[in-house]
Amino acid sequence: MNILLTGATGYIGNLLKEKLLQDESVCLRLFVRNAAKVELPAGRKVEVCEGSTFDKDSLRKALKGMDVAYYLIHSMGAKGDFEELDRTSAENFREACIKARVKRIIYLGGLGRKETASKHLLSRIETGEILSSQPTRIQTIWFRAGIIIGTGSASFRIIHSLVRKLPLIVTPRWVHTRTQPIAVQNVLDYLFLAKDLKIQGNLMVDVGSERMSFKEMLERAAHVMGRRRLLIPVPVLSPRLSSYWLILFSPVSYRIARALVDGLKSETIIQNDNARLYFPQVTLLSYEKAVEAALSEGKAK
Ligand SMILES: NC(=O)c1ccc[n+]([C@@H]2O[C@H](COP(=O)([O-])OP(=O)(O)OC[C@H]3O[C@@H](n4cnc5c(N)ncnc54)[C@H](OP(=O)(O)O)[C@@H]3O)[C@@H](O)[C@H]2O)c1
């Protein structure tokens, strides 16, 4: 199977690259903006194509002969209007896949409903809609995940730092919002298996483990880390102040902290049962096991 992987210099794409490389039946091609950033294991042949989704010619070359294309890209870090960039990027990608006769696009976006979504999440939803808008010409499997538990995830880095540094954690109102975190290992399981799934037409797959609030995530992570933490509710703390408060104690930028706080203003709960129906072989890790795995992965680095 010829596979094009985008986002291989990013968090999820880099991990998926490692997993795909373990499959002998996969012939992998990476599509990256800067080939010097790619870490390649010795002994496995991987083709690296340099380009950008804003450069249609580079997309055309990269997609030639591909069966499946993973779309693990977003424009949040870019200067300018990230929503417009995300739209153009997805449109260019879908059209180039159609022209190259790619059979399937696999995309990972965010969990949540359009009516209550933050700007960032809305853009992830729009990206999925654009990629999957031509079902007769190209099939799309669209995964939607909430908070991912793993060392490279900004949300997990925030949880980890708060628990590690603060004996008393103030809890703004948004910590009560319910979400369904998922271990990064499980996200990779789904993405990996999706390339071989025998289905017709598009599919949307919401993925997540147990339902819990952000407050519970903090408490249960503290337990795994062997810390006793006192959570103190504060009646009013604006999203802006909450975000400043988060960056004081965690290694993320204001932009990332704000995206998390805005995202937690509304519930991110799975809305379909397709993960269980189409991927029964995936065993979901409990939240505690996911935190343990992320902590030991962090120590190993
Ligand atoms: N991380 C999470 O916790 C999480 C949770 C839920 C859903 N997701 C979804 O998973 C997907 C991947 O997220 P991530 O966390 O892995 O992102 P990430 O670490 O920020 O990586 C983004 C990747 O996209 C590449 N990229 C950006 N613009 C590009 C362009 N125009 N052309 C080619 N490549 C481009 C970047 O390349 P450079 O290295 O050159 O910048 C980078 O490799 C996203 O759709 C995200 O919404 C992530």
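Heads up: the structure comes first, above all this text.
Read on for an overview of the structure.

Criteria and thresholds
- Residues numbered from 1 in each chain as written.
- Predicted model: local features only at pLDDT ≥ 70, side-chain atom pairs only at ≥ 80, totals over all residues.
- Heavy atoms only, no water.
- Near = heavy atom within 4 Å.
- Polar contact = N/O pair within 3.5 Å; in protein donor to acceptor, adjacent residues only side chain to side chain.
- Helix = DSSP H or I, 4+ residues; strand = E, 2+ residues; numbered from the N terminus.
- Nonpolar A, V, L, I, M, F, W, Y, C, P; charged D, E, K, R; others polar.
- Buried < 20%, exposed > 50% of the residue type's maximum accessible area, 1.4 Å probe, protein only.
- Pairing = 2+ DSSP bridges.
- Right-handed = clockwise from strand over helix to strand, strands pointing away.
- 1 Å grid on protein atoms, 1.4 Å probe; cavity = no way out; pocket = protein on both sides within 12 Å on 5 of 7 lines; lining within 4 Å.
- Points joined across faces, edges and corners; volume = space filled by probe spheres on them.

What to know about the site of the ligand
- Not every one of the 21 residues close to the ligand is listed here, only the nearest: Thr9, Tyr11, Lys37, Leu108 and Arg124.
- One of the backbone N or O atoms of Gly10 is found 3.0 Å from an oxygen atom in the ligand.
- Of all the secondary-structure elements, those providing two or more residues to the shell around the ligand are helix H1 (11–21) and strand S5 (104–110).
- For the shell around the ligand, the residue count by class is nine nonpolar, nine polar and three charged.

Digging into the pairing of S5
- Burial analysis of S5 places seven of its seven residues in the buried class, the great majority of the element.
- Note: strand S4 (residues 68–71) against S5, four bridges, orientation parallel. Its bridge partner lying in S5, Val68 is registered against Arg104.
- In this view, the connection linking S4 to its parallel neighbour S5 by way of helix H3 (residues 82–99) has right-handed handedness.
- Of the strand pairs in this sheet, S5 and strand S6 (residues 139–145) are connected by seven bridges, and their pairing is parallel. Its bridge partner lying in S6, Arg104 is registered against Gln139.
- In this view, the connection linking S5 to its parallel neighbour S6 by way of helix H4 (residues 119–131) has right-handed handedness.

Focus: the layout of surface pockets
- When its volume is computed, the second largest pocket comes out at roughly 210 Å³.
- If you trace the second largest pocket, you find it lined by Met76, Phe82, Ser118, Lys119, His120, Tyr254, Arg255, Arg258, Ala259 and Asp262.
- Elements with a minimum of two residues in the lining of the second largest pocket: H4 and helix H9 (254–263).
- Examining the composition of the lining of the second largest pocket, we find that five residues originate from one element, H9, more than from any other.

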